[in-house]
Amino acid sequence: MFALPETLSTLLADLGALEGQPGVSSDSLARAHQLLRSPRCVTEGCLPPLSFVSADGQHGTSDDLRGRAVLLTFWATWCKPCVESLPELRRLYAKYASE
(Lines give C-alpha, C1' and ligand atoms only; values in the text may rest on other atoms or scores of the structure.)
Protein backbone atom coordinates (compact mmCIF):
# COMPACT_ATOMS: atom_id res chain seq x y z
CA MET A 1 0.00 0.00 0.00
CA PHE A 2 1.21 3.52 -0.82
CA ALA A 3 1.59 6.22 1.79
CA LEU A 4 -0.30 9.02 0.08
CA PRO A 5 1.52 12.06 1.56
CA GLU A 6 4.94 10.61 0.72
CA THR A 7 3.79 9.60 -2.78
CA LEU A 8 2.43 13.10 -3.46
CA SER A 9 5.64 14.67 -2.17
CA THR A 10 7.66 12.47 -4.50
CA LEU A 11 5.44 13.30 -7.47
CA LEU A 12 5.62 17.03 -6.75
CA ALA A 13 9.42 16.83 -6.50
CA ASP A 14 9.54 14.95 -9.81
CA LEU A 15 7.39 17.67 -11.40
CA GLY A 16 9.75 20.32 -10.06
CA ALA A 17 12.63 18.55 -11.80
CA LEU A 18 10.79 18.89 -15.12
CA GLU A 19 10.71 22.69 -14.98
CA GLY A 20 12.74 24.22 -17.78
CA GLN A 21 13.06 20.96 -19.67
CA PRO A 22 12.50 21.15 -23.45
CA GLY A 23 8.91 20.38 -24.40
CA VAL A 24 7.53 20.93 -20.90
CA SER A 25 5.40 24.05 -20.75
CA SER A 26 4.62 25.97 -17.59
CA ASP A 27 0.90 25.45 -18.36
CA SER A 28 1.40 21.67 -18.42
CA LEU A 29 3.25 21.77 -15.11
CA ALA A 30 0.56 23.98 -13.55
CA ARG A 31 -2.12 21.52 -14.70
CA ALA A 32 -0.17 18.57 -13.29
CA HIS A 33 0.16 20.36 -9.95
CA GLN A 34 -3.57 21.12 -9.99
CA LEU A 35 -4.42 17.47 -10.63
CA LEU A 36 -2.17 16.31 -7.81
CA ARG A 37 -3.70 18.81 -5.37
CA SER A 38 -7.26 17.98 -6.47
CA PRO A 39 -7.65 14.70 -8.37
CA ARG A 40 -11.36 15.43 -8.86
CA CYS A 41 -10.25 17.89 -11.56
CA VAL A 42 -9.75 14.91 -13.86
CA THR A 43 -13.49 14.23 -14.00
CA GLU A 44 -15.03 17.48 -12.73
CA GLY A 45 -14.64 21.05 -13.80
CA CYS A 46 -12.00 22.93 -11.85
CA LEU A 47 -11.18 26.59 -11.81
CA PRO A 48 -8.09 27.28 -13.92
CA PRO A 49 -5.31 29.45 -12.51
CA LEU A 50 -6.36 33.08 -12.76
CA SER A 51 -5.91 36.45 -11.10
CA PHE A 52 -8.55 39.10 -10.57
CA VAL A 53 -9.47 42.34 -8.85
CA SER A 54 -12.57 42.08 -6.65
CA ALA A 55 -15.38 44.63 -6.58
CA ASP A 56 -13.76 46.22 -3.50
CA GLY A 57 -10.38 46.58 -5.28
CA GLN A 58 -8.57 43.64 -3.64
CA HIS A 59 -6.20 41.61 -5.85
CA GLY A 60 -6.55 37.85 -5.67
CA THR A 61 -5.85 34.55 -7.39
CA SER A 62 -7.78 31.33 -7.87
CA ASP A 63 -5.68 29.86 -5.03
CA ASP A 64 -7.29 32.41 -2.68
CA LEU A 65 -10.66 30.86 -3.53
CA ARG A 66 -9.72 27.29 -2.64
CA GLY A 67 -12.52 25.56 -0.72
CA ARG A 68 -15.08 28.25 -1.51
CA ALA A 69 -18.08 28.21 -3.83
CA VAL A 70 -17.23 30.23 -6.94
CA LEU A 71 -19.58 31.54 -9.60
CA LEU A 72 -17.70 33.01 -12.53
CA THR A 73 -19.64 34.73 -15.27
CA PHE A 74 -18.68 36.92 -18.19
CA TRP A 75 -21.09 39.55 -19.41
CA ALA A 76 -21.32 42.97 -20.95
CA THR A 77 -23.54 45.96 -20.26
CA TRP A 78 -24.70 45.98 -23.90
CA CYS A 79 -25.83 42.32 -23.70
CA LYS A 80 -29.56 42.30 -22.87
CA PRO A 81 -29.68 38.62 -21.67
CA CYS A 82 -26.61 39.33 -19.54
CA VAL A 83 -28.25 42.31 -17.85
CA GLU A 84 -31.47 40.31 -17.41
CA SER A 85 -29.49 37.62 -15.54
CA LEU A 86 -28.36 40.07 -12.81
CA PRO A 87 -31.29 39.40 -10.44
CA GLU A 88 -30.49 35.68 -10.54
CA LEU A 89 -26.81 36.38 -9.91
CA ARG A 90 -27.74 38.56 -6.95
CA ARG A 91 -29.97 35.78 -5.58
CA LEU A 92 -27.15 33.25 -5.91
CA TYR A 93 -24.72 35.65 -4.25
CA ALA A 94 -27.08 36.14 -1.31
CA LYS A 95 -27.50 32.39 -0.96
CA TYR A 96 -23.81 31.45 -1.15
CA ALA A 97 -21.96 34.59 0.02
CA SER A 98 -20.84 32.97 3.25
CA GLU A 99 -19.25 30.05 1.38
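Computed from a predicted structure; not experimentally measured.

Looking now at the overall build of the chain. Of regular secondary structure, the chain possesses 4 helices and 2 strands. Along the chain, helices (α) and strands (β) appear in the sequence α-α-β-β-α-α when read from the amino end. For the chain, the C-alpha radius of gyration of 18 Å lies well beyond 13 Å, the compact-globule estimate for 99 residues. By principal-axis analysis of the C-alpha atoms, the chain measures approximately 50 × 35 × 25 Å. The buried share among the 99 residues of the chain stands at 13%. Taking the contacts inside the chain whose residues are at least 6 apart along the sequence as the reference set, 18% of them involve residues at least 24 apart. Carbon and sulfur atoms form 60% of the exposed surface of the chain, whose accessible area is close to 8,200 Å².

Within the fold, leucine 89 resides in helix H4 (residues 86-96). Sequence separation of leucine 89 and glycine 57 is 32 residues, and the distance between their C-alpha atoms is 20 Å. If sequence neighbours within four positions are ignored, leucine 89 has contacts with Leu71 and Thr73.

Moving on, we get to the state of the cysteines. Summed over all chains, the structure comprises 1 disulfide. Shown here is the disulfide that connects cysteine 79 with cysteine 82, its sulfur atoms set 2.4 Å apart. Torsion about the S-S bond of the cysteine 79 and cysteine 82 cystine: about 70°, corresponding to right-handed handedness. There is no split in this pair, since cysteine 79 and cysteine 82 are both buried.

As a further point, take the layout of surface pockets. The computed volume of the largest pocket comes to approximately 1,100 Å³. Taken together, 27 residues make up the lining of the largest pocket; nearest its centre are Leu65, Ala69, Val70, Leu71 and Tyr93. Counting residues per element, the ones that place at least two in the lining of the largest pocket are strand S1 (51-53), strand S2 (59-61) and H4. Per element, the largest residue contribution to the lining of the largest pocket is 6 residues, and it comes from H4. By residue class, the composition of the lining of the largest pocket is 17 nonpolar, 6 polar and 4 charged.

Let us now look at the pattern of salt bridges. The tally for this structure, following the rule as stated, stands at 2 salt bridges. One salt bridge connects glutamate 84 with lysine 80, and the closest N-O pair in it is separated by 3.8 Å. Separated by 4 residues within a single helix, glutamate 84 and lysine 80 lie in helix H3 (residues 80-84), roughly one turn from each other. When sorted by exposure, glutamate 84 lands in the same class as lysine 80, which is exposed. We note a salt bridge from glutamate 88 to arginine 91, for which the minimum N-O separation is 2.7 Å.

Attention shifts here to a nonpolar patch on the surface. Where nonpolar side chains cluster on the molecular surface, the patch consists of Val70, Leu72 and Phe74 and spans about 350 Å² of accessible area. Relative to the helices and strands, leucine 72 resides in the loop between S2 and H3.

We now examine the confidence of the model for the chain. Mean pLDDT over the chain stands at 79; residues scoring 70 or higher make up 91%. Within the chain, S2 carries the highest mean pLDDT (91), whereas helix H1 (residues 4-18) carries the lowest (71).

Calculation notes
As a convention, each chain's residues are numbered from 1 in the sequence order in which they are written. For a predicted model such as this one, the threshold for reporting local features is a pLDDT of at least 70, and the threshold for listing and counting side-chain atom pairs is 80 or more; totals across whole chains, interfaces and linings nevertheless cover every residue. Side-chain metrics rest on all non-hydrogen atoms present in the structure, leaving aside hydrogens and water. Counting from the N terminus, the helices are DSSP H or I runs at least four residues long and the strands are E runs at least two residues long. The quantity called the radius of gyration is restricted to C-alpha atoms. Its globule counterpart is 2.2 Å times the number of residues to the power 0.38. Three labels apply to residues, based on accessible area from a 1.4 Å probe with only protein chains included: buried if under 20% of the type maximum, exposed if over 50%, partly exposed otherwise in between. Two residues form a contact once any of their heavy atoms are found within 4.5 Å. For every accessible area listed, the method is Shrake-Rupley and the probe measures 1.4 Å; residues are considered covered only by the protein chains on display. To count as a disulfide, a pair of cysteine sulfur atoms needs to be within 2.5 Å. Using protein atoms alone on a 1 Å grid, points that fit a 1.4 Å probe yet trap it form a cavity, whereas open point sets bounded by protein on both sides within 12 Å along at least five of seven lines form a pocket; residues with an atom within 4 Å of a point count as lining. Grid points are joined across faces, edges and corners, and a volume is the space filled by probe spheres set on the points. Note on residue classes: Ala, Val, Leu, Ile, Met, Phe, Trp, Tyr, Cys and Pro are nonpolar, Asp, Glu, Lys and Arg are charged, and everything else, Gly too, is polar. Counted as salt bridges are all cases of a side-chain nitrogen of Lys or Arg within 4 Å of a carboxyl oxygen of Asp or Glu. Each patch is built from residues lacking any salt bridge and having more than 30% relative accessible area; the joining distance is 9 Å for like charges and 5 Å for nonpolar side chains (Val, Leu, Ile, Met, Phe, Trp, Tyr). Every residue is assigned a pLDDT by the predictor, reflecting its confidence on a scale from 0 to 100.

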